[in-house]
Each structure stands twice: as structure tokens, then as C-alpha cells.
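If you want the building blocks of each chain, they are given just below.
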Amino acid sequence: MNPMYPIAQIRQIEQAAQATLAPGTLMQRAGTAAAHAALELIKFPHQQTSILVLAGPGDNGGDALESAAHLAQLGLSVSVLLHADPDKQSVAAKQALLRAQASSAKFIDSSQTNDVDAVITSTPWTLVIDGLFGIGLTRPLPDQLHQIVNTINRLHCVVLALDVPSGLDADTGNIVDDQAGGRGVAVRASHTITFIADKPGLHTCDGRDLAGQVQVARLGIDHSLFPASAIRLNHPDLFAASLQQRKHNSHKGSFGDVAVIGGALGMAGAVILAARTAAQCGAGRVFAAFLQDAPAYDSAQPELMCRRAHELDFSAMAVVIGPGLGTSAAARDVLLHALQAATPLVLDADALNLIGAESSLQKIVTQRQAVSLMTPHPLEAARLLGKSGAAIQLDRVDAARRLAAQYGSVVILKGSGTVIAGVDGEIAINPNGNAGLATAGSGDVLAGLCGALLAQGWPVWEAALAAVWLHGAAADTLVAQGIGAIGLTAGELIPVLRSGLNRLTAEQALLRR
Ligand SMILES: NC(=O)C1=CN([C@@H]2O[C@H](COP(=O)(O)OP(=O)(O)OC[C@H]3O[C@@H](n4cnc5c(N)ncnc54)[C@H](OP(=O)(O)O)[C@@H]3O)[C@@H](O)[C@H]2O)[C@@H](O)CC1
Ligand SMILES: Nc1ncnc2c1ncn2[C@@H]1O[C@H](COP(=O)(O)OP(=O)(O)O)[C@@H](O)[C@H]1O
Ligand SMILES: [K+]
């Protein structure tokens, strides 16, 4: 289900496949698949339809030249901007160049043109195909291409990237840059057709912004040549088994209790958001536990039971600790108590900051027998790993995997393309959600949802996958309704999470019939 592979494994699959095929076959298949994808995007070609193909020095350029030859043979107007030294091209890419040259595709000679940008902007392109660089990019784009890429990124047309948007690291989702200057550029594609298998960098960090809609072309490679994959794209199929309709013969005790612990002075709202989410996403009973004096009740959600954290016996509940907790001695005290309890535990926000700052708490986390689920954003992850936030973003998959291994916890590393890591090294990357979630309190809502699912008996891995998926889907639903991305508030997610969870559960029940 939705496997993804890092570049090194893609290369191995590619080599194994090539050993069984005539030279150039995979490139020809990639070019054909790209041409079909282009035709689907153009939909109704007409006389004014014009396609610009950018072809780079390596085999990604070869794919582009193959697609140019195909599209030109179909009678479409194709222009090729070649950035390659023919003496250094692979044999397959040379063949592709000959095919494109033999077709009606026009070649723009950039060496004869002072102003390539003017050439690009003088035509109203229907579609641009980006075949400058794929998975072979090892250093920033050369200076001559910076301006071309910036010009392409300003065009108002469909941009189809081949394999990977040029300039993007397919493993990490970072723009390949020189670090020191941070001057990297990358093509911003509306669509990407990626070859052989999906790649993590298309879905996390800058990947979602640069790759657009991703489709995979397996190039006819036999399933047996694909090793088991440790990375998947999150999808309800991965947690379908836990989407169970309620039995008639059930009661509130059947669905567990959640305690949300946090709410230092001035931060009570974080607990309320998480607790309301837990209540509306199916927990049998929810306790909102505050470090300071607890409010008498929550007037908008009177079902919540408000308590002082130090007075609540949460030993038989799923516990969410951290929202608005602060890092005071009292906060540390209640965290220690929670870590020592044999209950499923969601560690969020200041609970993570406290753990990051103290090795004795770290040790207790690693020694817990009960389930722990950590939900750090990149800065919290940085504190837990003793790194900078920027270092976490440089390789989010690696950071999530390290955290999970180091703390013996399932980890949800939040942000665009949230990465979920299991203790055994398994990874899922979440493809939905949007920047409407970049608003205060949306993390509290996610933590509350995790707690609700754990209380209802979900296995921790499935709970993490489902919570992240539903959270993203709720934001997408709200944006589709015009409620966001700008101005979406965290509390608005809660009823949409509830309907999302009920809908998925009902759909799953239908599928099982
Ligand atoms: N092989 C196969 O079976 C299949 C491969 N497929 C396709 O091939 C792609 C991988 O091809 P690839 O390995 O040739 O790498 P690619 O991404 O085209 O670029 C590397 C080239 O650029 C150069 N270069 C690198 N960085 C540079 C820079 N900053 N500035 C300037 N030059 C730079 C580098 O040369 P270098 O200078 O490092 O010696 C090299 O020439 C893959 O993404 C997929 O699209 C598919 O057809 C399926 C079958
Ligand atoms: N640009 C984005 N795209 C997708 N999801 C996002 C984006 N920005 C934030 N999110 C999600 O929103 C939530 C924010 O959580 P967090 O940073 O802990 O916020 P808070 O502490 O205010 O509750 C996370 O689930 C994160 O993945
Ligand atoms: K590309």
C-alpha cells in the first residue's frame, strides 16, 4: 500500500530491472508515461497548444527528450530547451536526443540567445515539462539555470515535473542548496510524474509545495524487484482495521476515559481544546486537568469534568499531557507522575520540552512499558534530539525515526508532510492537510484526538495514523468550504473531525459487508 523508497533503493530497483531489459527501455517507458501524463493535463489540444520541454544533462533530461519526441510525433507543437553536453550524456539519453532531433520538436539554442528568459516568456505555453534534474542532483542547480527556473516559476501554466521537480532532494524534501548561502532554487510544479516508485521528498518539507499532485509510473517493473518498503504514504487503508462501528451493547465505560493535563496560568485554553476534541471524537469520559485552579466547568462543553491535575487519579485513563503545561516545577512533578503510570500516554508540547531538557525524564520515557506517543513540532523534536530546528527539517524522516528509536515511542513529527515513525523504523508520511492548520491550538486538537483513539482501544500506530489523517482531512474540508486556510481556528476543526471519523467508520463497515 503506497510504498515509498529513498533514492538509494530506487537505484537498486532500477539496476535490477535494467539487467532484464534492452538498453534504454526504462527511459523510453518513462518518456511515454510522461507524454501520456502531459496529454491528460492538456485535455483538448488545439493549434495554439504549445509545450516547452526543459531537458537537463543526465537521464532525467533523457526522459524529457523521449517525451518531447512522442508529443511532437503526435502533432503537437513542442520546443526543447536543452541544457546538456552531448559528449557527457548516457547512451540512452543520446538516443533520446536523436529521436527528439528527428521529430518536429524545435530546439531553442540557449548558447545563441542572450536572453533565454525573453524566449521563454514570449510564448504563452500550455504546458512546461521539467526534465532538468531528477534523483541524480547532488549539488545546487548551476547559476545559469537559476534564472530559467525562476522564470518558469512565474509562468501561469501547468508545469509537469519528471520524476522530481528539479532542485528538490527526493529523499528529504529540501531544496538542494549550498547550505552556507541558502541560494537554492527548484522548479515549482503543479504536477509530478515520478518513476519506478514514490519518493518521500515529494511529500514532506518543501515537497508538497514543489511537487503538486503526484502520480507514480512504475514503468512496468515486476513487483518481485521491489523490496519491502519501510516508508508509506498515509491513507485510511493503513488503519482501516481499527475503524469499528459501535456495538449496541455498549456503554460509556466501553470507550475509555481521557485525562488531558496541562493548563498553566493563562494557558487553560490548550487543555480545553484537547479535551473537547477527545469528548467529540468518542472518548467515554473526559477529564480536563489543570495545574492551576480548575474552572468549575466548560460552559460550551459541560460534559468535560474539570479537575486540579495534582488531585486527579488518572491511572486507569489514556493521558494527554503537555498542552499549555508550562515548564514549572509543578509541571515537572505531574509529568513525572504521568510517565510512571502504566497508562497510554500522549506526550505533547511542554511535556516534550521538559523531557528534552532533562536526561532523567528521558530515561523514564525509554523505560516505560505502556504505550507512549510523542507529538513534537520540529522545534520540540530538536530539543528532544539535541539539535537545531533547521537540522530536523533537513531530514524529517530521519529525525522522526531517530526519535522513535531513542525514546521507544511512536512519534508524530508535525509540519507540512507530517512524518509518523514507529519504534521498529516504519514510517508514514501524511499527504493531506494544509497551511490553515498553521494556527495556535491545532496541535492541541491533534493531541486530544490521539488520546480519544487510544482510550477507545486503538493500537498506538493506527491511532497516530488516523489522528494525523483526520486532522489533515478536516482542514481540507474546511478550506473547501471557505473556512480557511486564512483565519481557520483550531476549535473549528473539532466537529469536522467527528464527522470525518464517523464517515470513515461507516464507509469501512460498508466495505466489510
Ligand atoms: N537510469 C535509469 O534506468 C532510469 C533513469 N530515469 C531517470 O533518470 C534520472 C536520474 O538520472 P541521472 O542519474 O542521470 O541524474 P539526473 O537527475 O538526470 O541528473 C544528474 C546529471 O546532472 C549532472 N549534475 C548533477 N548535479 C548537477 C548540477 N548541480 N549542475 C550541473 N549538473 C549536475 C550529473 O553529472 P555530474 O556533473 O554530477 O557528473 C548528471 O549528468 C531519474 O530521476 C529519472 O528521471 C528514468 O528514465 C527511469 C530509468
Ligand atoms: N503548513 C502546514 N501544512 C500542514 N499541516 C500543518 C501546517 N502547519 C501546521 N500544521 C499542522 O498543525 C499542527 C500544529 O501543531 P503545533 O505546532 O503543536 O501547534 P499548537 O502548539 O499551536 O497547537 C500540527 O498538526 C501540524 O502538522
Ligand atoms: K525534473
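Preceding block: the structure.
Computed from a prediction, not measured in an experiment: that's the story for all the values here.

Asks: It is not clear to me how the pairing of strand S2 (residues 50–55) should be interpreted in this structure. Could you clarify?
Replies: Strand residues, when the strand is regular, have side chains that alternate between the two faces of the sheet. Of all 6 residues in S2, 6 are buried, a share of seventy percent or more. Side chains Ser50, Leu52 and Leu54 of S2 all project onto a buried face; the interleaved residues Ile51, Val53 and Ala55 project onto the opposite face, where all are buried too. With 6 bridges joining them, S2 and strand S3 (residues 77–82) adopt parallel strand pairing. Residue pairing for S3: valine 53 is matched across the bridge by valine 80. Regarding topology, helix H3 (residues 59–73) serves as the crossover connection from S2 to the parallel S3, and that connection is right-handed. Judged from the 5 bridges that link them, S2 and strand S5 (residues 127–131) form a sheet pairing that is parallel. Its bridge partner lying in S5, leucine 54 is registered against aspartate 130.

Asks: Which parts of the structure should I look at to understand the site of ligand 1?
Replies: Not every one of the 23 residues close to ligand 1 is listed here, only the nearest: Gln18, Asp63, Gly134, Pro140 and Asp163. Between ligand 1 and the protein, one listed contact pairs an oxygen atom with a side-chain N or O atom of aspartate 63 at 2.4 Å. Between ligand 1 and aspartate 163 there is a distance of 2.5 Å, counted from an oxygen atom to a side-chain nitrogen or oxygen. Looking at the shell around ligand 1, the elements with two or more residues in it are helix H1 (7–18), helix H2 (25–42) and H3.

Asks: I would appreciate a short explanation of the coordination of the potassium ion (ligand 3) in the present structure.
Replies: Tetrahedral coordination by four donors sets the ideal angle at the metal to 109.5 degrees; octahedral coordination by six donors sets it to 90 or 180 degrees. The potassium ion (ligand 3) binds to the protein through Asn60 (OD1), Asp130 (O), Phe133 (O), Leu162 (O), Val164 (O) and Ser166 (OG); the donor distances cover 2.6 to 3.1 Å. Because the angles between the 6 donor atoms bound to the potassium ion (ligand 3) fall within 66 to 171°, the donor set is best described as irregular. In the primary sequence, the donor residues of the potassium ion (ligand 3) line up as N-x69-D-x2-F-x28-L-x1-V-x1-S. For the residue pair leucine 162 and serine 166, the accessibility class agrees, reading buried in each case.

Asks: Would you mind going over the site of ligand 2 with me for this structure?
Replies: Around ligand 2 there are 17 residues in total, and Lys414, Gly415, Gly441, Ser442 and Gly443 lie nearest to it. With respect to ligand 2, the side chain of lysine 414 contributes an N or O atom lying 2.7 Å from an oxygen atom. One of the backbone nitrogen or oxygen atoms of asparagine 434 is found 3.4 Å away from a nitrogen atom of ligand 2. If ligand 2 stood free it would expose 580 Å²; the protein chains cover 77% of that surface. Ranked by residues supplied to the shell around ligand 2, first place goes to helix H15 (residues 442–455) with 4 residues. Counted by class, the shell around ligand 2 contains 5 nonpolar, 10 polar and 2 charged residues.

Asks: Looking at this model, I keep getting lost on the nonpolar core. Mind explaining?
Replies: A general tendency of soluble globular proteins is for nonpolar side chains to be buried together. With 58 residues, the main nonpolar core has Val258 and Ile420 as its most contacted residues. Among the elements of the structure, strand S10 (257–262), helix H8 (268–280), strand S11 (285–290), strand S13 (318–321), strand S16 (410–413), H15, helix H16 (460–480) and helix H17 (490–512) are those that each provide at least two residues to this core. Per element, the largest residue contribution to this core is 13 residues, and it comes from H16. Ile10, Ala17, Leu82 and Ile196 belong to the second-largest nonpolar core, a separate cluster that totals 53 residues.

Calculation rules
- Residues numbered from 1 in each chain as written.
- Chains lettered and ligands numbered in written order.
- Predicted model: local features only at pLDDT ≥ 70, side-chain atom pairs only at ≥ 80, totals over all residues.
- Heavy atoms only, no water.
- Buried < 20%, exposed > 50% of the residue type's maximum accessible area, 1.4 Å probe, protein only.
- Helix = DSSP H or I, 4+ residues; strand = E, 2+ residues; numbered from the N terminus.
- Pairing = 2+ DSSP bridges.
- Right-handed = clockwise from strand over helix to strand, strands pointing away.
- Near = heavy atom within 4 Å.
- Polar contact = N/O pair within 3.5 Å; in protein donor to acceptor, adjacent residues only side chain to side chain.
- Donors = N, O, S within 2.8 Å, 3.2 Å for Na, K, Ca; no water.
- Tetrahedral: all angles 85-135°; square planar, octahedral: opposite > 155°, others 65-115°.
- Areas by Shrake-Rupley, 256 points an atom, 1.4 Å probe, with all protein chains shown as cover.
- Nonpolar A, V, L, I, M, F, W, Y, C, P; charged D, E, K, R; others polar.
- Core = buried A, V, L, I, M, F, W, Y, C linked by side-chain atoms within 4.5 Å.

The values reported here are purely geometric and, on their own, carry no functional implication.
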